[in-house]
Amino acid sequence: MARPSWDEYFMQIVDLVKTRSTCLRRQVGALIVKDKRILASGYNGAPAGVSHCAEVGCLRQQLNVPSGERHELCRAIHAEQNAIVQAAYSGTSVNGSTMYVSLQPCSLCAKLMINAGIRKLVYRGSYPDELALSMLNEAGVELINFDEVE
């Protein structure tokens, strides 16, 4: 039996993390790793102490907001944002780390990742936000679409 590569291993963990999501439209998980050690994880869902969409409904669904638009019309914090916040909450630097995500990040998350010092991004799929990949490329973040590697 072959052992998974490190990227395979961490992407499998991301798939488990996303099962905690409370989003009604899409479950997303994120993991921040440095030197093969997990620093933080995150999934998309309402902030702590705020009702989940599963409890109060999805405003984006009610308003028929397309994916990739009007991020402010959502109760949830994105998985990538949650992972960065969790690291900050515990005083853990993510500078020089790798982020694993179950979906290509949006431009809001890309900007946070760049300024947090994340140097590599391993993600699945695509998201209707070309600006995100453009900014990550410009900032020198190594990008790996895991779907193209498998």
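Located above this text is the structure these notes cover.
Residues numbered from 1 in each chain as written. Predicted model: local features only at pLDDT ≥ 70, side-chain atom pairs only at ≥ 80, totals over all residues. Heavy atoms only, no water.

### Focus on the environment of L31
Inspection of the secondary structure puts L31 in strand β1 (residues 29–34). Each C-alpha atom of the pair L31 and A48 lies 19 Å from the other, and the pair is 17 residues apart in sequence. (Helix = DSSP H or I, 4+ residues; strand = E, 2+ residues; numbered from the N terminus.)

### What to know about helix α5 (residues 107–116)
Among the residues of α5, those classed as buried are S107, C109, A110, M113 and A116. Looking one or two residues past α5, G117 carries a phi angle of roughly 90°, positive in sign. (Buried < 20%, exposed > 50% of the residue type's maximum accessible area, 1.4 Å probe, protein only.)

### Regarding the side chain of Q81
Its place among the elements puts Q81 in helix α4 (residues 79–89). The residues touching Q81, leaving out its near neighbours within four places in the chain, are L108, C109 and L112. (Contact = heavy atoms within 4.5 Å.)

### Quick notes on the packing of α5 against helix α6 (residues 130–138)
Following both chains from N to C, one finds α5 and α6 inclined at 15°, their axes separated by 8 Å at the closest point. Taken together, the axes of α5 and α6 are roughly parallel relative to one another. Crossing of α5 over α6 shows right-handed handedness. Residues S107, A110, K111, M113 and I114 of α5 touch α6, and the partners they reach there are L131, A132, M135 and L136. Among the residues making up the contact of α5 with α6, the classes are represented as seven nonpolar, one polar and one charged. (Axes fitted to C-alpha atoms, helices over the stretch in contact; angles between N-to-C directions. Parallel < 35°, antiparallel > 145°, perpendicular 65-115°, else oblique. Left-handed = near helix turned anticlockwise from the far one by under 90°. Nonpolar A, V, L, I, M, F, W, Y, C, P; charged D, E, K, R; others polar.)

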